[in-house]
Amino acid sequence: MSPTPPGRIAIVTGAARGIGAAIAHALTEVGWRVAGVDRSWSGEDEACAIRETLDVTDYEAVANLVARLEAEGEIGLLVNNAGITRDAIAHKMDPADFRLVLEVNLVGPFNACRAVLPGMRARNAGKIVSLTSMNALRGAAGQANYAAAKAGLIGMTKSMALENAGKGITVNCIAPGYIETEMTRAIPSQLREAELARIPAGRVGTPEDIAGTVVFLASPAADFITGQVISVNGGQLMP
Ligand code: NDP
């Protein structure tokens, strides 16, 4: 794989922990200057060259960050990783939780794409990778809000891929299966065991499994891949 040109900036949202932190580590290792975005930081992780405290639902804050970073260097990569769950059966779901999950998981990535795309288009180069979910592809009881937001992200990705393919910009999604993080540790243990039994690979995924796929999609080896949803799930779902 060709090395990343030194100094190119990668924005990773939700980089303080879980999959986002693993992505920040992996990108730093292959030469990206990572600007991590999160709502809060624990102070322990040194993977990100730049740490920014903001909420991806705040378009002005995201646009200001992008403008500041572009004064320092070229943003070559955006990874839309920040996401939340607010699970409940649809007929009992608080409508505010439906809107919140769409706001963070779908409007947040739009905000970041909206902010970075003009610069990428001006340079005829750039890559965007967004974290969708296996549950966007198959549905999930208790996750009407989450599955809707993550399915929306796939439609947004394909549309932006079409709009920007002629400008040398690729836009793709990764659809993780069951990955061991705080998000999945919140699932009741009985459900977690049942989910594990359905994974042909016989294990849950690690944040590093996802990070490796991001590194590939961000590399020149993936220049001809756009508008795709790459499943990383140990064989659990084969659409
Ligand atoms: P975690 O909950 O472990 O980490 C998510 C990070 O995103 C947290 O640091 C969180 O901060 C941050 N974040 C949440 N909302 C915002 C916001 N509005 N603005 C900025 N940062 C925010 O999640 P995972 O690492 O497990 O998941 C990462 C991504 O992968 C998500 O998009 C998730 O939907 C997706 N995914 C995960 C799967 C899994 O099995 N774990 C499976 C499929 C998809 P805070 O601490 O403040 O909440």
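Below or above, wherever it landed, is the structure these notes cover. (Residues numbered from 1 in each chain as written. Predicted model: local features only at pLDDT ≥ 70, side-chain atom pairs only at ≥ 80, totals over all residues. Heavy atoms only, no water.)

### Here's the deal with the overall build of the chain
Here comes step 1: If you tally the helices and strands in the chain, you get eight helices and seven strands.
Here comes step 2: Relative to a compact globule of 239 residues, whose C-alpha radius of gyration would be 18 Å, the chain shows 17 Å and is just as compact.
Here comes step 3: Referenced to the eigenvectors of the C-alpha coordinate spread, the extents of the chain come out at roughly 50 × 40 × 35 Å.
Here comes step 4: When each of the 239 residues of the chain is scored for burial, the buried share is 48%.
Here comes step 5: In the chain, once contacts between residues fewer than 6 apart in sequence are set aside, the share between residues at least 24 apart is 70%.
Here comes step 6: Within the structure as shown, the chain displays about 11100 Å² of accessible surface, and the carbon and sulfur contribution to it stands at 54%. (Helix = DSSP H or I, 4+ residues; strand = E, 2+ residues; numbered from the N terminus. Rg over C-alpha atoms; globule rule 2.2 N^0.38 Å. Buried < 20%, exposed > 50% of the residue type's maximum accessible area, 1.4 Å probe, protein only. Contact = heavy atoms within 4.5 Å. Areas by Shrake-Rupley, 256 points an atom, 1.4 Å probe, with all protein chains shown as cover.)

### Digging into the site of the ligand
Here comes step 1: Close to the ligand lie 27 residues; D38, R39, N81, Y146 and T181 are nearest.
Here comes step 2: Between I19 and the ligand, the recorded distance is 2.8 Å, taken from a backbone N or O atom to an oxygen atom.
Here comes step 3: One of the side-chain N or O atoms of Y146 is found 2.5 Å from an oxygen atom in the ligand.
Here comes step 4: Contact with the protein chains covers 93% of the free accessible surface of the ligand, which is 900 Å².
Here comes step 5: Of the residues forming the shell around the ligand, the biggest block, three residues, is contributed by helix α6 (residues 182-185). (Near = heavy atom within 4 Å. Polar contact = N/O pair within 3.5 Å; in protein donor to acceptor, adjacent residues only side chain to side chain.)

### Some thoughts on helix α1 (residues 18-29)
Here comes step 1: Look at α1: 17 Å from first C-alpha to last across twelve residues, which is about the 16 Å you get at 1.5 Å a residue.
Here comes step 2: Residues of α1 that are buried include every one of I19, G20, A21, A22, I23, A24, A26 and L27, and no others.
Here comes step 3: Elements in contact with the buried residues of α1: β1 (9-13), β2 (33-38), β4 (75-80), β5 (126-131) and α8 (207-218).
Here comes step 4: Positive phi appears at G31, one or two residues downstream of α1, with a value of about 110 degrees. (Expected span 1.5 Å × (residues − 1).)

### Focus on α8
Here comes step 1: Between its first and last C-alpha, α8 extends 17 Å over twelve residues, near the 16 Å set by a 1.5 Å rise per residue.
Here comes step 2: Along α8, the residues classified as buried are P207, I210, A211, T213, V214, V215, L217 and A218.
Here comes step 3: Where the residues of α8 are buried, they touch α1, β4, β5, β6 (169-176) and β7 (229-232).

### What to know about the sheet that holds β5
Here comes step 1: Ordered in space as β3-β2-β1-β4-β5-β6-β7, the seven strands form an open sheet in which the pairing is parallel. Among the strands making up the open sheet, the edge pair consists of β3 (50-53) and β7. Direction aside, neighbouring strands of the sheet carry axes that sit 20 degrees apart on average.
Here comes step 2: Judged from the four bridges that link them, β6 and β7 form a sheet pairing that is parallel. Counterpart to C173 in the pairing with β7 is V229.
Here comes step 3: Along the sheet, helix α2 (residues 59-72) contacts β1, β2, β3 and β4; its crossing angle with β3, the most-contacted strand, is approximately 165 degrees. (Pairing = 2+ DSSP bridges. Axes fitted to C-alpha atoms, helices over the stretch in contact; angles between N-to-C directions.)

### Some thoughts on the side chain of T181
Here comes step 1: Along the polypeptide, T181 turns up in the loop between β6 and α6.
Here comes step 2: In this structure, T181 is in contact with G18, I19 and P207, ignoring residues within four places of it in sequence.

### Overview of the environment of Q228
Here comes step 1: Within the secondary structure, Q228 is located in the loop between α8 and β7.
Here comes step 2: Residue Q228 is classed as partly exposed on the basis of its relative accessible area, which comes to 40%.
Here comes step 3: Setting aside its immediate chain neighbours within four residues, Q228 contacts V171, N172 and C173.

### Let's talk about the environment of D223
Here comes step 1: Here D223 shows up in the loop between α8 and β7.
Here comes step 2: If we skip the residues at most four places from it in the chain, D223 touches K127 and T170.

### As for the side chain of N81
Here comes step 1: Locating N81 in the fold gives a position in the loop between β4 and α3 (95-123).
Here comes step 2: Here the side chain of N81 touches G14 through a polar contact of 3.1 Å, landing on its backbone oxygen.
Here comes step 3: Non-local contacts of N81, meaning those with residues more than four positions away in its chain, are made with T13, G14, I19, G20, I23 and L131.

### Remarks on the pairing of β6
Here comes step 1: Here β6 lies mainly inside the structure; eight of its eight residues are buried.
Here comes step 2: By the alternation rule, side chains of β6 split into I169, V171, C173 and A175 and T170, N172, I174 and P176, which are all buried.

In short, geometric facts, not functional conclusions.
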